[in-house]
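# Close look at the chain arrangement
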Amino acid sequence: HSMQYELALEATPRVVEAYRARGDLWGAAESGVYAGLALFCGRPDGAARDLAGVMQLAERLGHHDASLVAKWFWAVLAAARGDLRQAEREVEDAWNFGETHQLTFVFPTDTLRAGIAYLRGNLREAERFFSYRKHPLTYLSGSAESSLFALWAESKDPRASDAWAQRRWKLPRAGQLNSVGEWTALERSVVGLAWMGRKEEVATLRPLTEELVGTGVWVSRAMVPFQTAAGIAAACAGDWSAAEEHHLTAIHQADTAPYRPAQPMAREWYALMLLDRNGPGDAAKARDLLSEALAMYESLEMPFHANRTSAKLAAL
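Presented here is an overview of the structure given in this document. All residue numbers refer to positions counted from 1 along the written sequence of the respective chain. For this predicted model, a pLDDT threshold of at least 70 governs which residues receive local features, and a threshold of 80 or more governs which side-chain atom pairs are given and counted, while totals over whole chains, interfaces and linings are taken from all residues. Neither water nor hydrogens contribute to the side-chain values; these are computed over all heavy atoms in the structure.

### Some thoughts on empty space enclosed by the protein
A 1.4 Å probe that fits but cannot get out identifies a cavity on a 1 Å grid over protein atoms alone, an open set with protein on both sides within 12 Å along at least five of seven lines counts as a pocket, and a residue lines either if it has an atom within 4 Å of a point. Grid points are joined across faces, edges and corners, and a volume is the space filled by probe spheres set on the points. Using the criterion set out here, one finds one cavity of 30 Å³ or more in the structure. Empty space within the largest cavity amounts to approximately 60 Å³. Taken together, Tyr-118, Glu-154, Arg-188, Val-191, Trp-195, Val-224, Met-265, Glu-268, Trp-269, His-305 and Arg-308 form the lining of the largest cavity. Here a strand is any run of E in DSSP of at least two residues, a helix any run of H or I of at least four, and the numbering for each starts at the N terminus. For the lining of the largest cavity, the secondary-structure elements that each account for two or more residues are helix H10 (180-195), helix H15 (262-277) and helix H17 (303-315). Gly counts as polar in this scheme, as do all residues outside two lists: the nonpolar Ala, Val, Leu, Ile, Met, Phe, Trp, Tyr, Cys and Pro, and the charged Asp, Glu, Lys and Arg. Broken down by class, the residue content of the lining of the largest cavity amounts to six nonpolar, one polar and four charged.

Structure, rendered in structure tokens:
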């Protein structure tokens, strides 16, 4: 899976040039926007560089669908840089653009808008947009519903239990290619169940989380590190060594790319793993990690996450 994803990313510029060479600017704009996928694979700067020209081309041609996809990526790029206020403005602009032009593919903007609202700590707005409209069956199916479940679980909302019991989203199947929606549903299911303390159920998903990190994708559209999900699952299965390796990799990836909202999230989950393991020195290390995470959350203006981390520190 990882190799196929990398090949697709590497091929995108060549496909764009091929379209340009034969004078098909419409096709060049349509293909070029997917250079933005690189931002989820540790290359946000490369995505920004390649998208800029394609965005101008799509706008000049009046290719509204390509413009909308580019606007999605531009909003996520702002989030990756840690400018969540700008990300909020960008995604609202994308949403309004899709609504104004009555684009069929506007519905993924609902989920993206909800994800950025979640990062900003606006949980009511996140809930509203996760369930804003009925989505058609596409490769993104399952993203919104599983994300709403995880939001409820993380905020200790009692509706999470019913959402999990009545879930309709599909999880990936082992050993085959799966959709973005199915992979997203897996990560959101792991995180939601972990917040609910349902470790045995998380542990059963561990093999799939190993395949998830094998896709080569580093973060979700909401800037959640996929290595973190694998670390959570490994810890729930009692494999502390593997869990620690995943959490350290998540921190390294978040710091390297960089993905600024992912940096404190990766540290928070590693700290929670250390507290759960409770070995020699784990509590002191966890306290340091939570302190780092808190400072980052406050700097990024992520009040929901900051308040939770602050309460956890106070309880230690």
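### What to know about the layout of surface pockets
Computed from the structure, the second largest pocket encloses a volume of approximately 380 Å³. Lining of the second largest pocket is provided by 18 residues; of these, Ala-194, Trp-195, Trp-269, Leu-272 and Met-273 occupy positions nearest its centre. Those elements that provide at least two residues to the lining of the second largest pocket are H10, helix H13 (226-236), H15 and H17. Of all the elements, H15 adds the most residues to the lining of the second largest pocket, at five residues. For the lining of the second largest pocket, a count of residues per class yields nine nonpolar, three polar and six charged.

### Quick word on the packing of H10 against H15
Every axis corresponds to a line fitted to the C-alpha atoms, with the helix fit spanning only the stretch in contact, and the corresponding angles, defined between N-to-C directions, vary from 0 to 180 degrees. For the pair H10 and H15, interaxial distance at closest approach is 14 Å and the crossing angle is 45 degrees. Considered as vectors, H10 and H15 are oriented oblique to each other. Relative to H15, H10 is oriented so that their crossing is left-handed. On H15, the residues touching Val-191, Ala-194 and Trp-195 of H10 are Glu-268, Trp-269 and Leu-272. When the residues that make up the contact of H10 with H15 are grouped by side-chain class, the tally is five nonpolar, no polar and one charged. The scheme is simple: roughly parallel for angles under 35 degrees, roughly antiparallel for over 145, roughly perpendicular for 65 to 115, oblique for anything else. For any helix crossing, the convention is left-handed if the near helix is rotated counterclockwise from the far helix by under a right angle, and right-handed if that rotation is clockwise. In what follows, residue pairs with any heavy atoms lying within 4.5 Å of each other are defined as contacts.

### Observations concerning the environment of Leu-61
Here Leu-61 shows up in helix H3 (residues 44-61). The classification of residues rests on relative accessible area computed with a 1.4 Å probe and restricted to protein chains. Under 20% of the type maximum is buried, over 50% is exposed, and intermediate values are partly exposed. On the basis of relative accessible area, Leu-61 is assigned to the partly exposed category, the value being 29%. Leave out the neighbours within four places in its chain, and Leu-61 touches Leu-25, Trp-26 and Ala-29.

Functional significance is not addressed by these values, which are geometric in nature.
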